[in-house]
Amino acid sequence: MHFILIGLLATAIGALAQTDPSATIPAAPDIGTITSSNLLQDARDTNQEAIGQYFQVQMDLAIRQRHDKRPKEASETLVGIIKTNAPPEFKRKALFELALATQDIPDLVKAEQIFGQYIHLYPDDPSAPEVLLRQGLIYRQMGVNTMAISKFYGVMSTALKLKLSNIDYYKRLVLQSQTEIADTYYMEGDFADAGDFYARILKGGNPSLNKELVLSKLVRSLSYLTNNVETIVRAQTFLDEFTNSANVAEIRFILASAYKGVGRNQDALKQVLLLLQSQQANVRNSPDVWAYWQRRAGNDIANQLYKEGDYPDALQIYQCMAALDDSINWKAPVWYQIGLVYEQLQQWDKATNYYGQIIAKQKDPAATNSPPSMAALCEMAQWRTDYIVWAEKARLANHEFQRSALYSTNKISIQ
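Residues numbered from 1 in each chain as written. Predicted model: local features only at pLDDT ≥ 70, side-chain atom pairs only at ≥ 80, totals over all residues. Heavy atoms only, no water.

Now for the overall build of the chain. Secondary structure summary: the chain contains 18 helices and 0 strands in total. When burial is assessed residue by residue, the chain has 38% of its 415 residues classed as buried. Considering only contacts in the chain between residues 6 or more positions apart, those separated by 24 or more positions represent 50%. (Helix = DSSP H or I, 4+ residues; strand = E, 2+ residues; numbered from the N terminus. Buried < 20%, exposed > 50% of the residue type's maximum accessible area, 1.4 Å probe, protein only. Contact = heavy atoms within 4.5 Å.)

Glancing now at a nonpolar patch on the surface. Where nonpolar side chains cluster on the molecular surface, the patch consists of Val 109, Met 142, Val 144 and Met 147 and spans about 290 Å² of accessible area. Turning to its location among the elements, Met 142 is positioned in helix α6 (residues 128-142). Accessibility expressed as a relative area gives 34% for Met 142, which makes it partly exposed. (Patch = residues over 30% accessible without salt bridge, like charges linked within 9 Å, V, L, I, M, F, W, Y side chains within 5 Å. Areas by Shrake-Rupley, 256 points an atom, 1.4 Å probe, with all protein chains shown as cover. Salt bridge = Lys/Arg side-chain N within 4 Å of Asp/Glu carboxyl O.)

The subject of this paragraph is the environment of Met 142. Between the alpha carbons of Met 142 and Leu 108 there is a distance of 7.5 Å; along the sequence they are 34 residues apart. Not counting chain neighbours up to four residues away, the residues in contact with Met 142 comprise Leu 108 and Val 109.

Moving on: the side chain of Ser 177. Within the element layout of this structure, Ser 177 appears in helix α8 (residues 167-188). Ser 177 gets classed as buried once you look at its relative accessible area, which sits at 0%.

What follows concerns the packing of helix α4 (residues 88-104) against α6. At a closest axis distance of 12 Å, the pairing of α4 and α6 adopts a crossing angle of 20 degrees. Judged by the inter-axis angle, α4 sits roughly parallel to α6. For the pair α4 and α6, the crossing hand works out as left-handed. Here Phe 96, Leu 100 and Gln 103 of α4 lie close against α6, whose contacting residues are Glu 130, Val 131, Arg 134 and Ile 138. Residue classes in the contact of α4 with α6 are distributed as 4 nonpolar, 1 polar and 2 charged. (Axes fitted to C-alpha atoms, helices over the stretch in contact; angles between N-to-C directions. Parallel < 35°, antiparallel > 145°, perpendicular 65-115°, else oblique. Left-handed = near helix turned anticlockwise from the far one by under 90°. Nonpolar A, V, L, I, M, F, W, Y, C, P; charged D, E, K, R; others polar.)

Scanning the entire structure with this criterion turns up 19 salt bridges. When the shortest N-O distance is used, the salt bridge between Asp 183 and Lys 217 registers 3.0 Å. With Asp 183 in helix α8 and Lys 217 in helix α10 (residues 211-224), the pair connects residues that are 34 residues apart, well separated along the chain. Exposure remark for Asp 183: the relative accessible area of 11% places this residue in the buried category. Linking Glu 308 and Lys 260 is a salt bridge whose minimum nitrogen-to-oxygen distance equals 2.6 Å. Within this pair, whereas Glu 308 is found in the loop between α14 (287-307) and α15 (311-322), its partner Lys 260 is found in helix α12 (residues 248-261), the two being separated by 48 residues in sequence.

In this structure, Tyr 198, Phe 238 and Ile 251 are the most contacted members of the largest nonpolar core, which totals 45 residues. In terms of residues, this core owes the most to one element, α12, which gives 8 residues. Setting aside residues no more than four positions away along its own chain, Tyr 198 makes contact with Ala 182, Asp 183, Tyr 186, Val 214, Lys 217, Leu 218 and Ser 221. Residues Ala 256, Trp 330, Tyr 355 and Ile 359 belong to the second largest nonpolar core, which totals 36 residues. (Core = buried A, V, L, I, M, F, W, Y, C linked by side-chain atoms within 4.5 Å.)

Of note, the bond from Ile 105 into Pro 106 is cis; its omega dihedral lies within 30 degrees of zero at 0 degrees. For Pro 106, the position within the fold is in the loop between α4 and α5 (108-121). Its identity as a non-glycine residue notwithstanding, Thr 226 has a phi of 50 degrees, on the positive side. With respect to the secondary-structure elements, Thr 226 resides in the loop between α10 and α11 (228-241). The phi torsion at Gln 346 lies on the positive side, around 60 degrees, for a residue other than glycine. Following the sequence through the fold, Gln 346 ends up in the loop between α16 (328-344) and α17 (348-363). Since its relative accessible area comes to 57%, Gln 346 is described here as exposed.

Residue Lys 260 is classed as buried on the basis of its relative accessible area, which comes to 9%. Here Lys 260 is in contact with Asn 265, Ala 268, Ile 301, Gln 304, Leu 305 and Glu 308, once residues within four sequence places are set aside.

Now for the packing of aromatic side chains. Across all of its chains, the model carries 18 aromatic pairs by this definition. Relative to Phe 242, the ring of Phe 238 has its centre 5.2 Å away and its plane inclined at 50 degrees; by these criteria the two rings are tilted. Residue Phe 238 is classed as buried on the basis of its relative accessible area of 0%. One residue, Arg 200, lies across the ring of Phe 197, its end atom 4.6 Å from the ring centre. Between the NZ or CZ atom of Arg 295 and the centre of the ring of Trp 330, over which it lies, the distance is 4.2 Å. (Phe/Tyr/Trp six-rings, centres within 6.5 Å; stacked < 30°, edge-to-face > 60°. Lys NZ or Arg CZ within 6 Å of the ring centre and 35° of its normal.)

The subject of this paragraph is helix α7 (residues 145-161). The first and last C-alpha atoms of α7 sit 24 Å apart over 17 residues, in line with the 24 Å expected at 1.5 Å per residue. Listed as buried for α7 are Asn 145, Ala 148, Ile 149, Lys 151, Phe 152, Gly 154, Val 155, Met 156, Thr 158 and Ala 159. Its buried side turned inward, α7 meets α6 and α8. (Expected span 1.5 Å × (residues − 1).)

Below, the structure is given as structure tokens:
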């Protein structure tokens, strides 16, 4: 009965084809896509599967070689895949990995050429925005910043053009390209454009953004532009939000300098003292970085205050600076500055006391390894001491002379 029905169906289809030339017989199902234990596997399918397994093993080998820091070996493996009759998908992956391996060698010019070839062959590939981003980073590393910025912009335009499914991933790529544009301007010293980009990126409020890092770069850009008012606002925001950041010391120095730039000396002094007094609390948090910014802030601000005649505030900073390091090579120059301040305040005994400490340390037998600068500083301290002694004698002599002259005048008047 079933065979009769099949025969009738075939006859009906044949008749339909004869009466209607436009009719077509439905295509047979692709047997290769149907798995069944009732049929033996087609030899062609077995061969294709073996080819796929072979090239997958080769791809895995190349990736492992690159991750094991053997980029030249990885390149050879990948070139072998590209030159064979590998399926197109394997050739595409191999070309991308070859660019990465060539970059690791490093052969930046060749890597750039391979990435360019990839974009030429696969312009609509979902990986195109990432390839453009990598091209931009390579161009910047090569110092061709104009091309780098062009590629970063290309990331954004390509991501918008392609119909992409993983939206979050491409949003992240676009955000990174924006930050790379800002960083490129920053590295060029174009702080106006860099600051503008950083500000706009921060305004977007993207949760994927490393706000601490980007805000610190914005603060530096503004400080280089001597935009003191905006620097103060942004720097204070940074210190409020990122109290444990490794960049706190530098940002506090920048804030102090900005306050000094707008004439707010007391606010500048406050920031410097906070920085200098943070030594113990931050000794475990990048101590070398903290030491650098403490010393730079102390020297810069204190020296400015001294030149402006603000001796009491300069003295506060110098005294805090002296406590930063117990080595004589650090303390002696600071003691000398303190001595100069006390001279300006006409507190001669305190001035000679600090100069005397420098002289005593230099004469100490344990100070045999002192650098030549210490000997020169000791001579200057001795000269200042001698000058103070002479000046004091001259002052006393002048006072005695004036007293004698006054006595003589009074005596003549009485007579």
